[in-house]
Each structure stands twice: as C-alpha cells, then as structure tokens.
Amino acid sequence: MDLQDYQIKRRQYDLCTLAAHMGTLSKARVLTTQRLTAEFCVRYLLIPDKYDSDDEVTVGEILKCQPHISKQELMDAQEIESNRQESKRQAT
C-alpha cells in the first residue's frame, strides 16, 4: 500500500520509507511535515523530474522549512549528488 500525503501529516516516517513512496507523495508536503537531511532534500526534492510531481521545491523553501539544515550543508550535498550522478553516467 502506498503512503499518502494525509498520512505523513500525522507522524514522522524514516527516510527510507519516504524515499520508497516519493512517487505518490507531494514534495511540498514531505518538506513541511517531515524532518529531512540535506542529502534527502537534494536527491528527492531538488532534482527536477525525478518523480512525476507537479510541485517544485526551491533551496530557499528547504532552508525555511528545515531550519536544522544549513545553506553550506545543502550546497555540499548538492555537490556530492552531482558527482554521484556524473559517476553513474560515466559508468554506463
């Protein structure tokens, strides 16, 4: 059974569970209801078109909704993810 937006308003879910259900969840709802890591935000919220989702999330929104994440931490996570994606492309 897929996790739905109304369910994540009621409780916190672990990041693995959220990641597994990002195809059915609103990025904005995940951002505003769950405690996330910088890595999760980059991988599942910022990368365009990764999931069939109409809602776009910005760096500013992440920093506002996840105050425990610093701008530097988010930038570092973006660089790491970019390098990971590049390595993946080169391997294929």
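Here's a quick rundown of the structure. Going along each chain's sequence as written, the residues are numbered from 1 onward. In keeping with the predicted nature of the model, local features appear solely for residues at pLDDT of at least 70, side-chain atom pairs appear and are counted solely at 80 or more, and the whole-chain, interface and lining totals rest on all residues. With hydrogens and water stripped out, all remaining heavy atoms of the structure feed into the side-chain values.

Together, Glu39, Glu73, Asp76 and Glu79 line one region of the surface with negative charge. The element contributing the most residues to the negative patch is helix H6 (residues 71-91), with three residues. Only protein chains enter the area calculation, which uses a 1.4 Å probe; residues under 20% of their type maximum are buried, those over 50% are exposed, and those in between are partly exposed. The class of Glu39 is partly exposed, set by a relative accessible area of 46%. Note on patches: the residues involved have over 30% relative accessible area and no salt bridge, like charges join within 9 Å, and the nonpolar side chains Val, Leu, Ile, Met, Phe, Trp and Tyr join within 5 Å. Note that accessible areas follow from Shrake-Rupley with a 1.4 Å probe, and for residues the cover is restricted to the protein chains shown. Each salt bridge in this description consists of a side-chain nitrogen of Lys or Arg and a carboxyl oxygen of Asp or Glu lying within 4 Å of one another. In this tally, Asp and Glu contribute negative charge and Lys and Arg positive charge; neither His nor the terminal groups of the chain are included. A charged residue contributes its charge at one atom only: NZ of Lys, CZ of Arg, CG of Asp or CD of Glu. Going along the chain from the N terminus, every DSSP run of H or I of four or more residues is numbered as a helix, and every run of E of two or more is numbered as a strand.

This next bit is on the packing of helix H4 (residues 38-46) against H6. Interaxial angles span 0 to 180 degrees and are taken between N-to-C directions of axes, which are lines fitted to C-alpha atoms, for helices over the stretch in contact. Two elements in contact, H4 and H6, have axes separated by 8 Å at closest approach and are oriented at 60°. Overall, the two elements H4 and H6 adopt an arrangement that is oblique. For the crossing formed where H4 meets H6, the hand is right-handed. On H6, the residues that touch Ala38, Glu39, Cys41, Val42, Arg43 and Leu46 of H4 are Glu73, Leu74, Ala77, Gln78, Glu81 and Arg84. The residue inventory of the contact of H4 with H6, partitioned by class, reads six nonpolar, one polar and five charged. By definition in this entry, angles of less than 35 degrees are roughly parallel, angles greater than 145 are roughly antiparallel, angles of 65 to 115 are roughly perpendicular, and the rest are oblique. In this scheme the handedness of a crossing depends on how the near helix is turned from the far one: anticlockwise by less than a right angle means left-handed, clockwise means right-handed. We call two residues contacting when some pair of their heavy atoms lies within 4.5 Å. All amino acids are sorted into three groups, where Ala, Val, Leu, Ile, Met, Phe, Trp, Tyr, Cys and Pro are nonpolar, Asp, Glu, Lys and Arg are charged, and the leftover types, Gly among them, are polar.

Our next topic: H4. Most of H4 is tucked away: seven of the nine residues are buried. For H4, the complete set of buried residues consists of Ala38, Phe40, Cys41, Val42, Tyr44, Leu45 and Leu46. If you follow the buried residues of H4, they end up packed against helix H2 (15-20), helix H3 (27-33), helix H5 (59-65) and H6.

All right, on to the environment of Glu56 then. You can see Glu56 is positioned in the loop between H4 and H5. Along the primary structure Glu56 and Phe40 are separated by 16 residues, whereas in three dimensions their C-alpha atoms are 15 Å apart.

A few words now on the nonpolar core. Buried Ala, Val, Leu, Ile, Met, Phe, Trp, Tyr and Cys residues form a nonpolar core when they are joined through side-chain atoms within 4.5 Å. Judged by nonpolar contacts, the single largest core of 22 residues is most densely connected at Leu18, Val30, Leu36, Phe40 and Ile62. Elements supplying a minimum of two residues to this core: H2, H3, H4 and H6. At seven residues, H4 tops the list of elements feeding residues into this core.

Further remarks concern the environment of Arg10. Residue placement: Arg10 occurs in the loop between helix H1 (5-8) and H2. Separated by 53 residues in sequence, Arg10 and Leu63 place their C-alpha atoms 22 Å apart.

Turning next to the state of the cysteines. We call a pair of cysteine sulfur atoms a disulfide whenever their separation is within 2.5 Å. Inspection of the entire model under this criterion finds zero disulfides. You can see Cys41 has no disulfide; the closest cysteine sulfur is in Cys65, sitting 9.3 Å from it. For Cys65, a relative accessible area of 30% translates into the label partly exposed.

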